[in-house]
Amino acid sequence: MDFPTVYRAWGPLEAIAQAAGRCNRNGRLSCGEVRIFLPPDDGRRSYPTGAYRQAADIARIVLDARGVAPGDPIPIDDPTLFDEYYRALYDLTKIAQPTDGRARELNKAVER
């Protein structure tokens, strides 16, 4: 589907990029618009927890480090942004320590 405007709650960077891909997907407009918002905190558990929340927090940390304030355009087409994001995310979660050949290969791939 193709939308002129997409509204997306704040989340992990890959989720934001996926939603942005739905905006003006077919190029019928000169420009599309993606609006990212923070869901209101009403005291209920309305925002996901666990790994999803952790990834959303890492996205904000990476953007803050780049000087991208809330409300500023996110350079979603910059591959170095995703490199920084995934490195920070995987460094924090400490993927499996090498216990067999497959885990070592995974760690080597992530280090590249």
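Provided above is the structure to which this section pertains.
Caption draft 1: Summary view of the overall build of the protein chain. Of the regular secondary structure elements, the protein chain holds four helices and two strands. N-terminal to C-terminal, the α/β element order of the protein chain is β-α-β-α-α-α. When each of the 112 residues of the protein chain is scored for burial, the buried share is 24%. Across the protein chain, the fraction of contacts at a sequence separation of at least 24, relative to all contacts at a separation of at least 6, is 53%. Surface accessibility of the protein chain: about 7900 Å² in total, with carbon and sulfur atoms responsible for 54%.

Caption draft 2: Geometry of unusual backbone geometry. We note that Asn24 has phi near 50 degrees; this positive angle belongs to a residue other than glycine. Tracing the chain through its elements places Asn24 in the loop between helix H1 (13–20) and strand S2 (33–37).

Caption draft 3: Geometry of H1. Those residues of H1 that fall on the buried side of the exposure criterion are Leu13, Ala15, Ile16 and Ala19. The buried residues of H1 occupy an angular sector of 160 degrees when the element is viewed end-on, so they sit on one face.

Caption draft 4: Structural view of the pairing of S2. Alignment of strand S1 (residues 5–9) against S2, held across five bridges, turns out to be parallel. By the bridge assignment for S2, Ala9 is matched with Phe37. On the question of chirality, the crossover connecting S1 to the parallel S2 by way of H1 is right-handed.

Caption draft 5: Fine view of the packing of aromatic side chains. Summed over the entire model, instances satisfying the criterion amount to two aromatic pairs. Ring centres 4.9 Å apart and planes at 65 degrees place the aromatic pair Tyr85 and Tyr86 in the edge-to-face group. On the basis of relative accessibility, which here comes to 29%, the residue Tyr86 falls in the partly exposed class. Each residue in the set Tyr85, Tyr86 and Tyr90 is aromatic and connected to the rest through ring pairs, giving one cluster. When the ring centre of Trp10 is taken as reference, the NZ or CZ atom of Arg60 above it lies at 5.3 Å.

Caption draft 6: Layout of the pattern of salt bridges. For the structure shown, the criterion picks out six salt bridges. Its salt-bridge partner being Arg60, residue Asp64 comes within 3.0 Å of it at the nearest N-O pair. With a gap of four residues between them, Asp64 and Arg60 both fall in helix H2 (residues 51–65), about one helical turn apart. For Asp64, a relative accessible area of 44% translates into the label partly exposed.

Thresholds, definitions, all that
Residues numbered from 1 in each chain as written. Predicted model: local features only at pLDDT ≥ 70, side-chain atom pairs only at ≥ 80, totals over all residues. Heavy atoms only, no water. Helix = DSSP H or I, 4+ residues; strand = E, 2+ residues; numbered from the N terminus. Buried < 20%, exposed > 50% of the residue type's maximum accessible area, 1.4 Å probe, protein only. Contact = heavy atoms within 4.5 Å. Areas by Shrake-Rupley, 256 points an atom, 1.4 Å probe, with all protein chains shown as cover. Arc of directions from axis to C-beta. Pairing = 2+ DSSP bridges. Right-handed = clockwise from strand over helix to strand, strands pointing away. Phe/Tyr/Trp six-rings, centres within 6.5 Å; stacked < 30°, edge-to-face > 60°. Lys NZ or Arg CZ within 6 Å of the ring centre and 35° of its normal. Salt bridge = Lys/Arg side-chain N within 4 Å of Asp/Glu carboxyl O.

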